[in-house]
Structure formats: C-alpha cells, structure tokens
Amino acid sequence: MNALYRLDRHARRAAARHGHRPGHRVPPVPTSPPAHYKCHGCGAEGVKLWREYQTAASVTALLCAPCACRSQKKPDTVGPDGQRPDEIFGERMRTDQIGWMVPAIPDGDTYWGYTSVPRAACAWWTALPTRVPGGSAAAPSPAIVAVAAALGAAS
Ligand SMILES: [Zn+2]
C-alpha cells in the first residue's frame, strides 16, 4: 500500500479545508518526504522529524521522535500527532517541541520557520507516522551523542 499517496491525499484535503483562495499562492506541500528527510540518528525514513531550532537548514541535524527525545534527555512521550505533554503544564498544554528541537517541515531545500508553517504543510507533517512501524531498537549513534553534547553545551 502506498502510504505516501495517502499522506498526499490527507495534505490535499487539509489544504482544501483551509480554503486557499484562487490567486493566492498555495504553499508547496511535498507529496512525499524529500530524499534527505531521514533521521540522522537511526536512519528512520518516512516518519516525523525534528530539527534544531534556529539552526541553518544546511547544518541542522534531523532526528526522529525517539532520537530527538534521547538527544534532549527527555522522556519519549511523543504521541501519534507529534505532540507531547508540556514539561510545566503537562497534558493541559501539549507541545510539538522536544527540548530545543522543533518539527522539521520541508519547504523546498530548507524548512518552514517554526511560527510560519502553512496549515497544509503542518497537516503533511502531522500525517507522517511518529514512529517506524514495529519500533526501532537502534542504539544512539555517535551523531546523536554529538548533537546532545552540543545542545547541552549551548543551554
Ligand atoms: Zn532516529
């Protein structure tokens, strides 16, 4: 079954629901994840990825939910919608941030700014699975350990 086809339909439906008016630039929504859209920690593909906040797209590390949580030393409580309970407010305020990492939503060769993601692109990301089906037992790679160390030093 073509999961990407379903994602595409989901994104299109979301775009239609939010009523882009004729003449307005419709934000480009990738129909399938770009080739580089792969977890730098465990290599997972076709899942939601997070990027470091305010880091240039060319150098940012992309991490899947389990790897992002490990790198940020957070419990992996990310749900299927890519949200997790806020550390202060708990379930009353769910967030898509994992420590210093935010959703990586492709916009061509770069990523949408955290506060400027069009709804359709947001829907595209939300439709991606949060985890590799069956789970990944991959141990943290040297890349994750390096990211964790760099972010730990910066905070
Ligand atoms: Zn990963």
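See the structure printed just above.
Residues numbered from 1 in each chain as written. Predicted model: local features only at pLDDT ≥ 70, side-chain atom pairs only at ≥ 80, totals over all residues.

Chemist: Where do I start with the sheet that holds strand E2 (residues 62-64) in this structure?
Modeler: By way of backbone hydrogen bonds, the strands of a sheet pair with one another, either parallel or antiparallel. Pairing within the open sheet is antiparallel, and its three strands lie in the order E2-E1-E5. Every interior strand has two partners, whereas the edge strands, E2 and strand E5 (101-103), have only one. Here the average twist between neighbouring strands, direction ignored, is 45°. Where strand E1 (residues 49-52) lies against E5, three bridges are found, and the strand directions are antiparallel. (Pairing = 2+ DSSP bridges. Helix = DSSP H or I, 4+ residues; strand = E, 2+ residues; numbered from the N terminus. Axes fitted to C-alpha atoms, helices over the stretch in contact; angles between N-to-C directions.)

Chemist: Explanation requested: the nonpolar core in the structure shown.
Modeler: With 30 residues, the main nonpolar core has Cys 39, Leu 49, Trp 50, Leu 63, Cys 64 and Ala 68 as its most contacted residues. Where this core is concerned, the elements lending two or more residues are E1, E2, helix H2 (65-71), E5 and helix H3 (119-127). It is H3 that contributes the most residues to this core, seven residues altogether. (Core = buried A, V, L, I, M, F, W, Y, C linked by C-beta atoms within 7 Å. Buried ≥ 20, exposed ≤ 12 C-beta atoms within 10 Å, placed from the backbone.)

Chemist: Please clarify how the environment of Val 47 should be interpreted in this entry.
Modeler: Take Val 47: it is sitting in the loop between helix H1 (3-17) and E1. A sequence separation of 16 residues divides Val 47 from Leu 63, and the C-alpha atoms of the two residues are 9.7 Å apart. Those residues in contact with Val 47, other than ones at most four positions away along the chain, are Cys 64, Leu 128, Pro 129, Thr 130, Arg 131 and Val 132. (Contact = placed C-beta atoms within 7 Å.)

Chemist: Help me out: how do you make sense of the pairing of E1 in this one?
Modeler: Remember that side chains alternate between the two faces of the sheet whenever the strand is regular. As paired strands, E1 and E2 are joined by three bridges and run antiparallel to one another. Looking at E2, one finds that Arg 51 is bridged to Leu 62.

Chemist: Is there a simple way to explain unusual backbone geometry in this structure?
Modeler: For residues besides glycine, phi is generally negative; the peptide bonds are generally trans as well. Within the chain, Gln 54 stands out as a residue other than glycine whose phi angle is a positive 55°. Of note in the backbone geometry, Lys 73 takes a positive phi value of approximately 55° without being a glycine. Mapping Lys 73 onto the fold places it in the loop between H2 and strand E3 (84-86).

Chemist: Looking at this model, I keep getting lost on H3. Mind explaining?
Modeler: In an α-helix, one turn spans 3.6 residues; hence positions three or four apart end up facing the same way. Within H3, eight of the nine residues are buried, which leaves it mostly tucked inside the rest of the structure. Listed as buried for H3 are Ala 120, Ala 121, Cys 122, Ala 123, Trp 124, Trp 125, Thr 126 and Ala 127.

Chemist: Explain the pairing of strand E4 (residues 90-95) to me, please; I cannot follow it from the model alone.
Modeler: For E4, a buried count of zero out of six residues is recorded, marking the element as mostly open to its surroundings. Note that E3 and E4 share three bridges and pair antiparallel. Directly across from Asp 86, in E4, lies its bridge partner Gly 90. Hairpin connection from E3 to E4: three residues lie between these consecutive antiparallel strands.

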